Amino acid sequence: MNSPKLEHYVNDVSKVLSESVRHETNERLKNHDTQTTVQSVVYLFPHRQGRELLDIGLEIFNENGIGQKDTNNGLLLIVATEEKKLRIITGKGMEFEWNTEKCQYIVEQILRPLLNAGKYDEMIKAWCDCVEGKRKVPPRKNSDLSIVFFGSILLFLLGALGGSSLRVFIIYDNSIEL
């Protein structure tokens, strides 16, 4: 699969959306981009052809330069319609607001039930509601920040006491595929 050149905010290669919803949601995401500079793009296609959805999504995200270059504030909703797979990919500039917990909630509680029921029009409208902040999504838990804060202090103390060269890598993946 070659990375497609996206020409719209809503790209329906699968042809599962009604024309009116595709046009309406494209305009909504375009207006949101104009008002906030957050660029949200949807890509619906039939089948992954054996590839990982994350790989396809990252390729589309990077090749099309989704989001502002200086703030990396793009969002991509990628959906393999025949396989009923979906994933949210965020630019680095969106990782705090669109953290793993929020993306997981949107996928599991809002989008997946509509995808599984074949309600593509409703799914894309719901996505637009989430992007525009019209859907209630639980806030980030304070415990997430506490773990990072106290973990950092603990690592600092261990390093200071032991004098060893301790390296820690924290990987925080905001893309969810279920």
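Residues numbered from 1 in each chain as written. Predicted model: local features only at pLDDT ≥ 70, side-chain atom pairs only at ≥ 80, totals over all residues. Heavy atoms only, no water.

### Some thoughts on the confidence of the model for the protein chain
Of all residues in the protein chain, 77% have pLDDT values of 70 or greater, and the mean over the chain is 85. Across the protein chain, helix H4 (residues 120-131) holds the top mean pLDDT of 98, while strand S5 (residues 176-177) sits lowest at 46. Below pLDDT 50 for its whole length, residues 164-178 participates in 39 contacts with residues either more than four positions away or in separate chains. (pLDDT = per-residue confidence, 0-100. Helix = DSSP H or I, 4+ residues; strand = E, 2+ residues; numbered from the N terminus. Contact = heavy atoms within 4.5 Å.)

### Some words on the packing of aromatic side chains
What the rule picks out here adds up to two aromatic pairs. An angle of 20° between the planes, with centres 5.3 Å apart, marks the rings of Tyr43 and Phe45 as stacked. (Phe/Tyr/Trp six-rings, centres within 6.5 Å; stacked < 30°, edge-to-face > 60°.)

### Re the nonpolar core
Val42, Leu77, Trp98, Ile106, Leu111, Met123 and Trp127 are the most contacted members of the largest nonpolar core, which totals 30 residues. Mapped by element, the contributors of at least two residues to this core are strand S2 (39-45), strand S3 (74-80), strand S4 (85-90), helix H3 (100-116) and H4. No other element matches H4, which puts eight residues into this core. Sequence-distant contacts of Ile106, that is, excluding residues within four places in its chain, are made with Ile88, Trp98, Leu111, Trp127, Cys130 and Val137. Listed in part, the 13 residues of the second largest apolar core include Val41, Ile56, Ile60 and Ile89. (Core = buried A, V, L, I, M, F, W, Y, C linked by side-chain atoms within 4.5 Å. Buried < 20%, exposed > 50% of the residue type's maximum accessible area, 1.4 Å probe, protein only.)

### Things to note about H4
With 12 residues, H4 should reach 16 Å at 1.5 Å per residue; the first-to-last C-alpha distance of 17 Å fits that figure. Across the 12 residues of H4, 10 count as buried, placing the element largely inside the fold. Along H4, the positions that sit buried rather than exposed are Tyr120, Asp121, Met123, Ile124, Ala126, Trp127, Cys128, Asp129, Cys130 and Val131. Next to the buried residues of H4 lie helix H1 (19-36), S2, S3, S4 and H3. Phi turns positive, to about 80°, at Gly133, one or two residues after H4. (Expected span 1.5 Å × (residues − 1).)

### Structural notes on the side chain of Asn73
Its place among the elements puts Asn73 in the loop between helix H2 (53-63) and S3. Polar side-chain contacts of Asn73 include one of 2.8 Å to the backbone oxygen of Thr37. Polar side-chain contacts of Asn73 include one of 2.8 Å to the backbone nitrogen of Gln68. Each residue touching Asn73, except ones within four places of it in the same chain, is listed here: Thr37, Val38, Gln39, Gly67, Gln68 and Met94. (Polar contact = N/O pair within 3.5 Å; in protein donor to acceptor, adjacent residues only side chain to side chain.)

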